[in-house]
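# Close look at the chain arrangement
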Amino acid sequence: MLVLGSHHQLSRIMRPDDANIVGNVHGGTILKMIEEAGGIISTRHCNTQSGDRCVAALARVERTDFLHPMFIGEVAHVSAEITYTSKHSVEVQVIVLAENILTGAKKVTNKATLWYVPFSLQNVDKIIEVPVIEYSSVEQEEEGKKRYDAQKMERLETKERNGEIINPVVSPEAYTVGFSQSSLIHLVGPSDCTLHGFVHGGVTMKLMDEVAGIVAARHCKTNIVTASVDAINFHRKIKKGCVVSVSGRMTFTSNKSMEIEVFVDADPLVEAARGKYRAVTAFFTYISLDKEGKPLSVPPLKLENEEEKKRFEEGKVRYLQNKAKRQAEKERQQ
Amino acid sequence: MLVLGSHHQLSRIMRPDDANIVGNVHGGTILKMIEEAGGIISTRHCNTQSGDRCVAALARVERTDFLHPMFIGEVAHVSAEITYTSKHSVEVQVIVLAENILTGAKKVTNKATLWYVPFSLQNVDKIIEVPVIEYSSVEQEEEGKKRYDAQKMERLETKERNGEIINPVVSPEAYTVGFSQSSLIHLVGPSDCTLHGFVHGGVTMKLMDEVAGIVAARHCKTNIVTASVDAINFHRKIKKGCVVSVSGRMTFTSNKSMEIEVFVDADPLVEAARGKYRAVTAFFTYISLDKEGKPLSVPPLKLENEEEKKRFEEGKVRYLQNKAKRQAEKERQQ
Amino acid sequence: MLVLGSHHQLSRIMRPDDANIVGNVHGGTILKMIEEAGGIISTRHCNTQSGDRCVAALARVERTDFLHPMFIGEVAHVSAEITYTSKHSVEVQVIVLAENILTGAKKVTNKATLWYVPFSLQNVDKIIEVPVIEYSSVEQEEEGKKRYDAQKMERLETKERNGEIINPVVSPEAYTVGFSQSSLIHLVGPSDCTLHGFVHGGVTMKLMDEVAGIVAARHCKTNIVTASVDAINFHRKIKKGCVVSVSGRMTFTSNKSMEIEVFVDADPLVEAARGKYRAVTAFFTYISLDKEGKPLSVPPLKLENEEEKKRFEEGKVRYLQNKAKRQAEKERQQ
């Protein structure tokens with residue numbers, strides 16, 4: 001059965017407010033556009049059945065690399081396609097292209113994979129069944145099933161890291177974790193939310209990138225850009241009217257990159273019953289650039305206790321795994 | 001000669017801030033999206049030649065009807081296509097579609113025609129030659145030439161209406177012109193501007209629709225929506241850092257509609273030499289809706305002097321001409 | 001010498017993002033509009049002389065009461081007038097009116113007095129001489145001189161409170177200072193800044209109100225609104241690209257109000273030489289409202305140490321002084 005509208009394109013010109021003062025578009029702006037395209041295509045698809053109307057909510061984003069910088073004045077093209085459906089979830093693959101309309105140059109800046117789950121508009125705790133898509137081959141479906149199983153496994157293994165909190169440090173030394181750690185709070189407004197009244201996943205990711213970017217800039221005092229984002233699981237929804245606290249701390253530095261761990265906590269101010277809860281956690285990787293856009297060395301992170309050393313070692317494992325994966329990908333493409 | 005990329009699509013989900021409190025998306029939001037798509041496609045096209053890089057600036061929008069309302073949560077699809085080029089100008093035709101991703105319903109809400117002129121990035125007073133497009137037939141080219149000549153004639157005939165100013169009225173009577181007239185000012189910020197540092201035509205149109213909407217709501221105290229916009233000529237550019245004053249007054253009422261004249265003046269605060277100047281003028285038509293979205297009668301405008309009577313009669317002529325034109329169009333389609 | 005254009009009006013419709021979830025427009029949104037109007041009128045005035053072009057920067061806002069709530073869908077009218085000029089500063093008086101365009105009801109919601117200082121665009125450290133305005137009477141000029149001297153005295157007396165920092169508290173008890181204290185960080189973007197590349201005073205006040213509102217809501221878990229803002233002095237400018245940290249803590253509670261102290265620190269990320277510095281401090285007062293908009297009792301603040309007790313007593317003095325001042329004003333008007 002062919003489902004129409006399972007492809008979607010979104011495009012927009014990049015404005016000064018989308019970028020840092022050097023003109024590099026924020027990674028968070030791009031993540032927000034990616035999620036908007038994914039949300040539209042999966043909500044549209046899940047409403048092709050009869051029964052309850054529904055809105056697709058972001059459940060997970062796979063690891064994403066930022067392949068090239070994007071600049072103010074360029075047009076971002078975001079193409080989304082549904083590539084797999086299970087009973088209750090939709091896989092969307094997204095490609096982002098930056099077009100310089102003055103020179104005609106086009107570059108792929110991102111490839112991302114997102115997983116959505118449709119919730120009923122009538123009863124927001126009810127998950128709707130996803131209409132099946134038609135695959136062009138049996139192999140294509142089997143590949144999708146493998147990706148689905150792999151991400152499900154990873155989601156189960158991921159801890160919410162509820163215990164982890166970022167403790168403030170009084171007069172920290174330069175290059176320590178306490179020196180660059182940062183947090184922001186944001187009062188969720190109407191334009192941040194879906195028709196359900198829950199925060200768009202893309203809005204949350206934009207806030208996370210903002211905090212992570214400040215941590216990175218505080219550490220190395222240069223122009224920094226998002227290099228990649230590790231898989232993000234959206235454990236719990238965040239409702240309109242909540243105060244969102246987003247905190248970030250540096251966990252690892254390599255010669256040319258910094259890894260920052262970000263926690264998102266939601267505080268439903270007015271509902272006394274329910275307290276503050278952890279909604280999302282993620283790792284962002286940043287690089288530091290000079291005036292010509294060339295990567296700079298990153299000052300090494302000064303570790304002050306056993307916990308910081310443990311987190312650094314875990315970060316190193318992720319760093320080496322990703323490096324090996326990128327290398328393998330490169331060789332496969334040649 | 002085939003010109004690649006002479007077609008462009010832009011889409012975006014409608015948020016609470018894009019709409020009034022009843023949920024109807026503002027006409028100004030739609031005009032801004034239309035102009036963004038037109039600006040992208042014509043800037044891209046005009047940079048397919050060698051020589052100076054350039055940015056296409058909006059010179060004129062043809063009369064546009066708002067055929068159906070659009071709502072919060074719907075996805076707006078804006079498709080733009082280059083349909084004619086003269087030596088120094090580009091005609092872009094745009095179609096706007098509102099998609100309800102919950103029901104799958106799609107409706108064409110607008111069709112618009114815009115004219116752009118490319119200015120050099122190196123020297124903003126220099127107009128660039130427009131690359132020729134390939135037409136599918138001789139007739140198609142001739143039709144375009146006719147549209148080009150017609151709009152050129154109209155542009156020449158249009159006065160800037162520099163003399164016209166809206167004088168404030170102390171304690172006006174209900175339903176008079178003075179009772180509903182309104183004005184707003186806006187300090188032009190970086191995200192309002194093109195790479196040249198001049199205000200996007202779409203930003204100006206959004207402000208014009210905002211003022212016209214306030215005038216209409218003040219007059220009839222109900223939910224009002226934009227029904228149509230008369231042809232708008234952009235006489236003069238508005239620079240970053242200017243204060244823009246946008247003023248509107250009611251000129252005509254029929255049984256079910258209101259016509260509002262809008263003036264845009266730019267004031268380059270910091271440049272002492274150049275004073276305030278008139279940049280744009282236009283007529284907006286609004287209708288009044290009840291809670292079910294059905295058109296309501298509009299209270300007749302109370303005229304208090306000869307000038308107001310003259311403007312009312314001129315408005316009536318425009319109203320009857322447009323009515324006749326719509327009628328002719330309808331008959332042609334049957 | 002009569003200076004034309006020494007009066008200015010700004011108006012804008014209130015959108016969902018301008019308000020909290022109950023529909024009350026944020027005090028910070030109103031402060032931002034007030035400052036925009038003041039900045040425009042004083043920049044325009046200071047450029048009526050020959051010589052360097054300049055931009056007027058906010059130096060001080062006098063104590064302001066929020067007399068009535070404003071709601072989404074209402075039109076805010078902000079009228080600004082220059083009422084006094086000294087050699088290097090401009091006094092602007094502003095009145096804010098909320099108009100319900102559906103019922104025609106209008107209410108004065110704020111009266112504010114702001115002081116601006118013009119800085120050269122060529123050399124941002126150079127203060128420009130302010131053109132003299134013409135007064136309608138000698139008394140009017142003398143009254144202005146008195147206000148000028150009084151604010152100058154107060155500004156000299158105000159400490160920057162550089163030493164004061166808000167220390168984080170681990171697992172605080174309900175209703176203590178540590179329980180509600182909050183802080184946010186904001187990366188200064190292009191739209192936050194004047195032509196000089198410094199943050200608009202109104203943008204800073206909006207962030208301050210945001211933090212203060214979160215502190216108030218965390219304390220009493222109800223709908224809260226800004227009741228008044230004490231005089232704010234802008235000690236030091238904040239440059240584009242800085243990270244701004246805004247922190248707030250509760251200092252005093254009366255039966256029906258809460259006072260929150262807010263600190264603004266600027267951190268010029270990339271300029272290694274200059275460290276973080278205190279840019280602004282202020283006191284905000286909030287009240288708590290029930291669903292019908294009637295004031296609720298506020299839970300008393302639990303004080304845990306001598307410093308908190310001292311700040312509470314100081315807050316009480318400010319509270320009683322303002323109460324007495326309001327009472328005297330009331331009697332004078334009768």
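Preceding this section is the structure that the text describes.
Quick look at the structure, then.

About the criteria used
Each residue is numbered by its place in its chain's sequence as written, counting from 1. Chains carry letters and ligands carry numbers; both start at the beginning, A for chains and 1 for ligands, and go up in the order they are written. Per-residue local features of the predicted model are confined to residues with pLDDT of at least 70, and side-chain atom pairs are confined, for both listing and counting, to 80 or more; whole-chain, interface and lining totals are unaffected and use all residues. Neither water nor hydrogens contribute to the side-chain values; these are computed over all heavy atoms in the structure. Note on conventions: DSSP H or I runs of at least 4 residues are helices, E runs of at least 2 residues are strands, and numbering of each starts at the N terminus. It is over C-alpha atoms that the radius of gyration is taken, and the globule rule equals 2.2 Å times the number of residues to the power 0.38. Burial status follows relative accessibility: with a 1.4 Å probe on protein chains alone, a residue under 20% of its type maximum counts as buried, one over 50% as exposed, and anything between as partly exposed. Here a residue-residue contact requires only that any non-hydrogen atoms of the pair lie within 4.5 Å. Computed with a 1.4 Å probe, the accessible areas rest on the Shrake-Rupley method; for each residue, only the protein chains presented here act as cover. By the counting scheme adopted, Arg and Lys are positive, Glu and Asp are negative, and His together with the chain ends is not counted. Note that the charge is assigned to NZ on lysines, CZ on arginines, CG on aspartates and CD on glutamates. When a carboxyl oxygen of Asp or Glu is within 4 Å of a side-chain nitrogen of Lys or Arg, the pair counts as a salt bridge. What gets called buried area is simply the loss in accessible area from a 1.4 Å probe that two parts show on being joined, summed for both. Two N or O atoms form a polar contact when they lie within 3.5 Å of each other; inside protein one atom must be a possible hydrogen donor and the other a possible acceptor, and for residues adjacent in sequence the pair counts only when both atoms belong to side chains. Amino acids outside the nonpolar list (Ala, Val, Leu, Ile, Met, Phe, Trp, Tyr, Cys, Pro) and the charged list (Asp, Glu, Lys, Arg) are all regarded as polar, and Gly is one of them. As a rule, the C-alpha atoms of each element are fitted with a line to give its axis, helices using only the stretch in contact, and angles between N-to-C directions run from 0 to 180 degrees. Throughout this description, any angle smaller than 35 degrees is read as roughly parallel, any larger than 145 degrees as roughly antiparallel, any in the 65 to 115 degree range as roughly perpendicular, and the remainder as oblique. Overlaid copies result from least-squares superposition on C-alpha atoms, with residues included only where pLDDT is at least 70 in both. Any two cysteine sulfur atoms within 2.5 Å of one another count as a disulfide. Paired strands are those between which DSSP finds at least two bridges.

## Observations concerning the overall build of chain A
Along its length, chain A carries five helices and twelve strands. A globule of 334 residues ought to have a C-alpha radius of gyration of about 20 Å, and chain A, at 20 Å, matches this closely. On the principal axes, the C-alpha backbone points of chain A span a range of 60 × 55 × 35 Å. Each of the 334 residues in chain A was classed as buried or not, and the buried ones make up 56%. In chain A, the share of contacts with a sequence separation of at least 24, taken over all contacts with a separation of at least 6, comes to 74%. Of the accessible surface of chain A, which amounts to about 14900 Å², a share of 53% is contributed by carbon and sulfur atoms. In chain A, 44 positive and 43 negative side-chain charges are present, and the distance between their average locations comes to 2 Å.

## Thoughts on the pattern of salt bridges
Considering all chains together, one arrives at 57 salt bridges over all chains under this definition. For A:D65, the salt bridge identified is with A:R63, shortest N-O distance 2.8 Å. Under the relative-accessibility criterion, A:R63 is labelled partly exposed at 24%. Among the ionic pairs, B:E143 bridges to B:K146, the shortest N-O distance being 3.9 Å. Of this pair, B:E143 and B:K146 are both found in helix α2 (residues 138-157), three residues apart, which corresponds to roughly one turn of the helix. Here B:K146 falls in the exposed class, since its relative accessible area comes to 56%. Beyond isolated ion pairs, a larger network of salt bridges with shared partners links A:R60, A:E62 and A:E154.

## Describing the interface of chain B and chain C
With 23 residues of chain B at the interface, the matching set in chain C holds 30 residues. Interface area for chain B against chain C, summed over the two sides, is near 2300 Å², with a carbon-plus-sulfur share of 62%. Area buried by chain B at its contact with chain C is led by B:D17, B:I185 and B:V270, which between them contribute 27% of it. Note that C:R15 is salt-bridged to B:D17, the shortest N-O span being 3.9 Å. The interface formed by chain B and chain C holds five residue pairs in polar contact (both at pLDDT 80 or more) in total. Secondary-structure elements contributing two or more residues to the side of chain B that touches chain C are β7 (182-187) and α4 (201-220) of chain B. Here the element with the most residues in the side of chain B that touches chain C is β7(B); it accounts for five residues. In the side of chain B that touches chain C, the residues fall into twelve nonpolar, five polar and six charged.

## Quick word on the packing of helix α1 (residues 27-46) of chain B against α4(B)
All names here are of chain B. Running from N to C, α1 and α4 cross one another at 170 degrees; their axes reach a closest spacing of 8 Å. Considering the angle they form, α1 stands roughly antiparallel to α4. The residues of α4 that touch α1, namely those facing G27, G28, T29, L31, K32 and E35, are G201, G202, V203, M205, K206 and D209. Taken together, the residues of the contact of α1 with α4 break down into three nonpolar, five polar and four charged.

## Looking at the relation of the copies chain A and chain B
The transformation that overlays chain A on chain B combines an axial shift of 0.1 Å with a rotation of 180 degrees, and the residual RMSD is 0.1 Å. Such a combination of rotation and displacement between the chain copies is what one expects of a two-fold axis. Of the C-alpha atoms belonging to chain A, the one lying closest to the rotation axis is found on A:L10, 2.7 Å away. In this assembly, 96% of the residues forming the interface of chain A have copies in chain B that are likewise at the interface, indicating an isologous arrangement.

## A closer look at the relation of the copies chain B and chain C
The operation relating chain B to chain C is a screw motion whose rotation component is 120 degrees, with 0.2 Å of axial translation and a residual RMSD of 0.1 Å. Considering both components of the superposition, the chain copies are consistent with a three-fold axis. Taken together, the interface assignments show that only 17% of the residues at the interface of chain B recur at the interface of chain C, consistent with different surfaces on the two copies.

## A closer look at unusual backbone geometry
A positive phi angle, near 70 degrees, is found at A:Y175, a position not held by glycine. Locating A:Y175 in the fold gives a position in the loop between α2 (138-157) and α3 (177-180). For B:K221, which is not a glycine, the phi torsion comes out positive at approximately 55 degrees. With respect to the element layout, B:K221 can be found in the loop between α4 and β8 (223-229).

## Re the interface of chain A and chain B
Many structure descriptions define interface size as the accessible area lost when the parts assemble. Across the boundary between the two partners, chain A contributes 28 residues, which contact 27 residues of chain B. With both sides pooled, the region where chain A packs onto chain B buries about 2400 Å², and carbon together with sulfur makes up 61% of that total. Taken as a group, A:I101, A:L102 and A:S191 account for 25% of the area that chain A buries against chain B, more than any other trio of residues on that side. Across the contact surface, chain A and chain B share two salt bridges. Its salt-bridge partner being B:E99, residue A:R44 comes within 2.5 Å of it at the nearest N-O pair. Applying the counting rule to chain A against chain B returns seven residue pairs in polar contact (both at pLDDT 80 or more). Of all elements in the fold, only β1 (7-13), α1 (27-46) and β4 (75-85) of chain A reach the threshold of two or more residues within the side of chain A that touches chain B. Element by element, the count of residues in the side of chain A that touches chain B is highest for β1(A), at six residues. Across the side of chain A that touches chain B, the residue classes tally to twelve nonpolar, nine polar and seven charged.

## What to know about the side chain of B:R60
Residue and element names in this part refer to chain B. Following the sequence through the fold, R60 ends up in strand β2 (residues 54-61). Since its relative accessible area comes to 0%, R60 is described here as buried. Looking at R60, its side chain comes within polar contact range of the side chain of E62, at 3.0 Å. Side-chain polar atoms of R60 contact the side chain of E154, separated by 3.2 Å.

## So, the state of the cysteines
Among covalent bonds in proteins, the disulfide is the one between the sulfur atoms of two cysteines. Residues and elements named next belong to chain A. Taken as a whole and assessed by the stated rule, the structure comprises zero disulfides over all chains. Here C193 stays free of any disulfide, with the sulfur of C242 as its closest cysteine sulfur at 8.9 Å. C193 gets classed as buried once you look at its relative accessible area, which sits at 9%.

## Some details on the pairing of strand β6 (residues 106-120) of chain A
Residues and elements named next belong to chain A. Most of β6 sits inside the fold, with eleven of its 15 residues counted as buried. Bridging between strand β2 (residues 54-61) and β6 involves seven bridges; their strand directions are antiparallel. Looking at β6, one finds that L58 is bridged to Y116. Bridge analysis of strand β5 (residues 90-99) against β6 gives ten bridges, and the strand direction is antiparallel. Residue pairing in the sheet places V90 in a bridge with Y116 of β6.

## Looking at the pairing of strand β11 (residues 258-267) of chain B
Residues and elements named next belong to chain B. With ten of its ten residues buried, β11 lies for the most part within the structure. Every second residue of β11 is oriented toward a common face, with M258, I260, V262, V264 and A266 on one face and E259, E261, F263, D265 and D267 on the other, all of them buried. Of the strand pairs in this sheet, strand β10 (residues 243-253) and β11 are connected by ten bridges, and their pairing is antiparallel. Note that in β11 the partner of T253 across the bridge is M258. Two strands pair when backbone bridges link them, and β11 and strand β12 (residues 277-289) are joined in this way by nine bridges, in the antiparallel orientation. Each bridged residue has a counterpart across the sheet, and for D265 the counterpart in β12 is R278.

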